[in-house]
Number of protein chains: 2
Amino acid sequence: MYSRAVKLSSFFGLAVRRHRQLLRLSQEELAARAVIDRTYISGVERGVRNPTLDVMERIAASLGVGLDVVFATARELSAERENE
Amino acid sequence: MYSRAVKLSSFFGLAVRRHRQLLRLSQEELAARAVIDRTYISGVERGVRNPTLDVMERIAASLGVGLDVVFATARELSAERENE
DNA sequence: CTGTGACTAGAAGTCCGTA
DNA sequence: CTACGGACTTCTAGTCACA
């Protein structure tokens, strides 16, 4: 509760991972769609990269959704962690 | 209608501008809150910049919302343009 | 299939000033 | 207050070898 302006940055990668797994895609397949290196996707999902809007857009598009959907998922994931 | 994976990237800046104006903040004030250069905010709002997740997060937080909200606004703005 | 460290060209982001 | 430019520093984008 009381989740004003939670840092979604760390959850963006997890949201990407969730969407990717829902589509039964491997990191390699997603990377191919987004025209991004496989290891880069790995870094994004783990939160060790700080991607630009352009890259994020390409990833979201390759997941068949918009960034608003990805960030909505990110918030859901962050909300789950709040019950602790 | 039927807006699958619209490019929200170009509307992110406009969404930021809308949120900022709703708060009656100047670009300078927003920049100060987000600890970002004044001229950079200007560039982001005009869509001539390609900000990183970190910066976008700080901007959204300084607007009192999360990135999911900003991108939801971005989608609304893009939807308005679709009626043409 | 995925995680990780290291590397470099080029873009992100800062800071100055002008209109 | 904001748009825009140039010069500068910091960091990301993109890639590879290896585990």
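Provided above is the structure to which this section pertains.
The structure presented is a predicted model; accordingly, all values stated were derived computationally and were not measured.

Student: Describe the protein's contact with DNA strand C, listing the residues and the values that go with them.
Tutor: Of all residues adjacent to DNA strand C, which total 22 residues, the nearest are A:Q27, A:R46, B:Y40, B:N50 and B:T52. A share of 64% of the atoms of DNA strand C within 4 Å of the protein falls on sugar and phosphate groups. In the model, a base oxygen of DNA strand C is placed 3.0 Å from a nitrogen or oxygen of the A:R38 side chain. The contact in question runs from a phosphate oxygen of DNA strand C to an N or O atom on the side chain of B:T52, over 2.2 Å. Of all the secondary-structure elements, those providing two or more residues to the surface near DNA strand C are helix 1 (9-22), helix 2 (27-34) and helix 3 (38-45) of chain A together with helix 3 (38-45) of chain B.

Student: Describe the relation of the copies chain B and chain A, listing the residues and the values that go with them.
Tutor: In this arrangement, two copies of a chain are superimposed by a rotation about an axis accompanied by a shift along the axis. The operation relating chain B to chain A is a screw motion whose rotation component is 179°, with 0.1 Å of axial translation and a residual RMSD of 0.2 Å. Accordingly, the operation relating the two chain copies is best matched by a two-fold axis. Proximity to the rotation axis, assessed at the C-alpha, singles out B:T52 in chain B; its C-alpha lies 2.1 Å from the axis. Comparing contact sets, 100% of the residues at the interface of chain B also lie at the interface in chain A, consistent with an isologous, same-surface contact.

Student: Explain unusual backbone geometry to me, and be specific about the residues and the numbers.
Tutor: For A:V35, which is not a glycine, the phi torsion comes out positive at approximately 55°. Examined against the element boundaries, A:V35 turns out to sit in the loop between helix 2 and helix 3. You will see that B:R24, though not glycine, has its phi angle at about 60°, which is positive. Summarising the element assignment, B:R24 is placed in the loop between helix 1 (9-22) and helix 2 (27-34).

Criteria and thresholds
Residues numbered from 1 in each chain as written. Chains lettered and ligands numbered in written order. Predicted model: local features only at pLDDT ≥ 70, side-chain atom pairs only at ≥ 80, totals over all residues. Heavy atoms only, no water. Near = heavy atom within 4 Å. Polar contact = N/O pair within 3.5 Å; in protein donor to acceptor, adjacent residues only side chain to side chain. Helix = DSSP H or I, 4+ residues; strand = E, 2+ residues; numbered from the N terminus. Least-squares fit on C-alpha atoms with pLDDT ≥ 70 in both. Contact = heavy atoms within 4.5 Å.

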